[in-house]
Amino acid sequence: MKKLLCIILTAIFVVLSVGCSTNSQPERWLNKKTSAEDVLSMALEAKLLLEEWDSAEELSSDCFFQYYEALVVYGYVSEQEGESEIDRNIVEDVLRLFFDVEPERMRSETYYNEDNKTYEIKGLGNVLDYQMEQVKELNGEIQITYNLYYSEQFKQSGTLTIQKEDESHYRFVSHKIHQVNSSANQESANQETASPPITDEELCERALYLLDPYVLPVAWWTGGGYSSLSVFSAPDNIIQNEDGTYCRVFRFDSIQEMKQMTEQIVTKAYAEKYLYPHEKDYFLEQEGNLYLSTAAFCGEWMFTAQSASVISKTSTVAELSVTFENLYEEKFSFPIFLQLEEHTWKLANTPYVTGSDAVVNWNQQDDSSVPSDEQLISRLFSLYDYYIYPIPWFLGAGDDALGTLEVGYEPLPDTPEYTTFFEVSRFDSIDEMKRAVEQVVTQEFAENTLYPYLEKGDFMERDGKLYRNTSLLGSGWGADPVSASVLSKSENNAVLSVEFQEYDHIVTGEVQMTKENGIWKIASLPDFLTPSPSQTVEK
């Protein structure tokens, strides 16, 4: 898409050297020649094109350091390997080449660390594409006219103006927006009849839930999903052929089942581009079972998503800044995009495999219409996944899904009656566990049916960690859906008739689903599947 259709006075930029004509150059400034395309690309990365402005003083303070990061990415400023913070003098000396503002104006709360007098590196994330239409010089100013696209659909046209100081120096002057996609007006009209839009808090909770290593499917496909796929290497679970050795996957019975679950978490475009190509390298289907190649066993390598904040959003797409912690307890921020696809908010990118790459359609029509029967059934079956479905957690049957650390670990110390309590590694608090629960079932269902179990004291918080009573043995629950049909549906509610496999026979019951906080969830279950606190006993 990045094509130059009509360039007037191209030579202006062929010889334009981005730098300062004085004898003193800013530290790390490489004084390299640039082009109109690079100027526009870096302005786009730094989000200079999202609003109209008549001077650099009107820009968001975040834009300044983002432009510095863009200069690093495009090779105009050098960087030191492994650094996470940069002295403010280095940054501000470079930025003053381009922006006529005081250093204090550049110091945003997002990037500037007042205590250390440094800027914190957090990375860039851009899903826009552009097409340059014209470059011309007028009264010493250079005007770059462009079109912007989101997933190959026109979004905006405008003109970026810079002041040519001399042959090697320019400053940003203004930015004008000429036209925006009229579908935004249609989107507003659609929202008048849509269900209540998802809030910033709900978007953040959704992102953190989807990025949970127990939920996120990236490791399943790329060789790090040994435990999250429930792969067991006992002799009876191993097969060999000319391509190597394979161990049985117990979480899914087929590639199709795993793909169905994957596309409830990430967008179809992300899955097809970055995950499904690994199918031929790692997986084998045989006699109704799914197997993972031992060549794929490279260990779990997930980061921990700790917090999130919304940067921008429409009714179908949201950009968030998510703080992660790696295995070395080092924190970093990364831009994450959520997209509403088939009535479900999904990840359009992740910090794994593709870095900041995301395929997001910002002009997608509002997804508030009634979902298809296939979409509802697919959503329901995904909610019953072993690592996602929360009811067993409260019935004493969720040790694996909760990551309860019992074998090889000491129980909760100090009090004899608590010797059967062991740490839950998946969640650090009851509130964190509740947030995951309410991504699957409605708040009303959770409060009436599941949370009363908490009053029994089966979970305990201590010193910033969560513990569970592992002496409990679940009873009176255990059925998996095998088929379903939709009895009725509307924009926000649906009733499905579901056949469940309960031990050696099939039972049928109705399941109600409700769209709550922008997410389709289970609102009620048949009586024979609705638990009560009396359904747990001591082992």
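Everything discussed here concerns the structure shown above.
Below you will find a few notes about this structure. (Residues numbered from 1 in each chain as written. Predicted model: local features only at pLDDT ≥ 70, side-chain atom pairs only at ≥ 80, totals over all residues. Heavy atoms only, no water.)

Here's the deal with the sheet that holds strand 16 (residues 344-347)
Turning to step 1, where the next piece is worked out: Pairing in this open sheet of four strands is antiparallel, and the strands run 13-14-15-16 from one edge to the other. Every other strand in the sheet has two partners, leaving strand 13 (304-313) and strand 16 as the edge strands with one partner each. Direction aside, the axes of adjacent strands within the sheet are offset by 30° on average.
Turning to step 2, where the next piece is worked out: Sheet topology note: the strand 14 (residues 317-325)/strand 15 (residues 331-341) ladder contains nine bridges and is antiparallel. Opposite Phe324, over in strand 15, you have Phe332 as the bridge partner.
Turning to step 3, where the next piece is worked out: Across the face of the sheet, helix 7 (residues 200-210) comes into contact with strand 13, strand 14, strand 15 and strand 16 while running at roughly 140° to strand 13. (Pairing = 2+ DSSP bridges. Helix = DSSP H or I, 4+ residues; strand = E, 2+ residues; numbered from the N terminus. Axes fitted to C-alpha atoms, helices over the stretch in contact; angles between N-to-C directions. Contact = heavy atoms within 4.5 Å.)

Some points on helix 2 (residues 36-45)
In an α-helix, one full turn covers 3.6 residues, which means residues spaced three or four apart are oriented alike.
Turning to step 1, where the next piece is worked out: Most of helix 2 sits out of view: nine of its ten residues are buried.
Turning to step 2, where the next piece is worked out: Taken as a whole, helix 2 has its buried residues at Ala36, Asp38, Val39, Leu40, Ser41, Met42, Ala43, Leu44 and Glu45.
Turning to step 3, where the next piece is worked out: Remark: Lys47 follows helix 2 within two positions and exhibits a positive phi of approximately 65°. (Buried < 20%, exposed > 50% of the residue type's maximum accessible area, 1.4 Å probe, protein only.)

What about the side chain of Ser333?
Turning to step 1, where the next piece is worked out: Within the secondary structure layout, Ser333 lies in strand 15.
Turning to step 2, where the next piece is worked out: When residues no more than four places from it in sequence are discounted, the contact partners of Ser333 are Lys122, Ser321, Val322 and Thr323.

Considering the nonpolar core
Turning to step 1, where the next piece is worked out: Of all hydrophobic cores here, the largest spans 89 residues; its most connected members are Phe394 and Met433.
Turning to step 2, where the next piece is worked out: Looking at this core, the element that brings in the most residues is helix 7, giving five residues.
Turning to step 3, where the next piece is worked out: Every residue in contact with Met433, bar those within four places of it in the chain, is listed here: Trp393, Phe394, Leu402, Phe427, Leu454, Phe459 and Leu466.
Turning to step 4, where the next piece is worked out: Membership of the second largest hydrophobic core comes to 49 residues, among which are Phe98, Phe99, Tyr130 and Ile142. (Core = buried A, V, L, I, M, F, W, Y, C linked by side-chain atoms within 4.5 Å.)

Remember that the coordinates give geometry; whether it matters functionally is a separate question.
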